[in-house]
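# Fold and geometry: a report
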Amino acid sequence: QVQLVESGGGSVQFGGSLRLSCAASGRSFSSYAMGWFRQAPGKEREFVAGITRSGGSTWYADPVKGRFTIARDNAKNTVYLRMNSLKPEDTAVYYCAAHLQATILDLPSSYDYWGQGTQVTVSS
């Protein structure tokens, strides 16, 4: 098993930046592909970005391409989400998640472990 704890959320103004972190403990972090998801009030949880076990491949949802960057540091058991040019529509609770498949997956049901989430609020 792996335990995931997100941090770095907060309130920013339109155009601002945040970096989210997700610290993992438990079974070998490098065994897991990782993803970031978000969920806004009244909406379904949606895929934001994913990264493979080694960090060699990444994938982004269209709404965040060019603004968000996912990265991982396997030595520190941590995955990051750098968010630039934030918009009010990025407001949501952001979750990191882990799965043991080799590829990047974008369905929440494909992930085995989840963090508790961190709130991101962007004001206009």
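Let us look at the structure shown here. In this text the structure is predicted, and so the values were computed from the model without any measurement.

### Focus on the pairing of strand S8 (residues 78–83)
In terms of burial, S8 is largely enclosed, as five of its six residues are buried. Relative to S8, strand S3 (residues 18–26) runs antiparallel, the two sharing six bridges. Pairing of Arg 19 across the sheet is with Arg 82, part of S8. As paired elements, strand S7 (residues 68–73) and S8 share six bridges and run antiparallel to each other. Pairing of Asp 73 across the sheet is with Thr 78, part of S8. Between the end of S7 and the start of S8, which pair antiparallel, lie four residues, with Asn 77 showing a positive phi angle near 55°.

### Some remarks on the environment of Ala 24
Topologically, Ala 24 is positioned in strand S3. When the C-alpha positions of Ala 24 and Val 5 are compared, they lie 6.6 Å apart, and in sequence the two are 19 residues distant. Contacts of Ala 24, omitting those with residues within four sequence positions, involve Val 2, Gln 3, Leu 4, Phe 29 and Asn 77.

### Quick look at the sheet that holds S3
Across the sheet, four strands lie side by side as S1-S3-S8-S7; this open sheet has antiparallel pairing. Among the strands making up the open sheet, the edge pair consists of strand S1 (2–7) and S7. Averaged over all pairs of adjacent strands, the angle between strand axes in this sheet comes to 15°, irrespective of strand direction.

### Things to note about the packing of aromatic side chains
Scanning all chains against the criterion turns up six aromatic pairs. Taking the centre distance of 5.9 Å and the plane angle of 80° together, the rings of Tyr 32 and Tyr 113 count as edge-to-face. Highlighted residues: Tyr 32 in the loop between S3 and strand S4 (33–39) and Tyr 113 in strand S10 (residues 113–114), separated in sequence by 81 residues. Residue classification places Tyr 32 among the buried positions, given a relative accessible area of 0%. Taking NZ or CZ as reference, Arg 45 lies 4.8 Å from the ring centre of Trp 114, over its face. The ring of Trp 59 has Lys 65 sitting right over it, with the charged end atom 4.7 Å from the ring centre.

Definitions and limits used
- Residues numbered from 1 in each chain as written.
- Predicted model: local features only at pLDDT ≥ 70, side-chain atom pairs only at ≥ 80, totals over all residues.
- Heavy atoms only, no water.
- Buried < 20%, exposed > 50% of the residue type's maximum accessible area, 1.4 Å probe, protein only.
- Helix = DSSP H or I, 4+ residues; strand = E, 2+ residues; numbered from the N terminus.
- Pairing = 2+ DSSP bridges.
- Contact = heavy atoms within 4.5 Å.
- Axes fitted to C-alpha atoms, helices over the stretch in contact; angles between N-to-C directions.
- Phe/Tyr/Trp six-rings, centres within 6.5 Å; stacked < 30°, edge-to-face > 60°.
- Lys NZ or Arg CZ within 6 Å of the ring centre and 35° of its normal.

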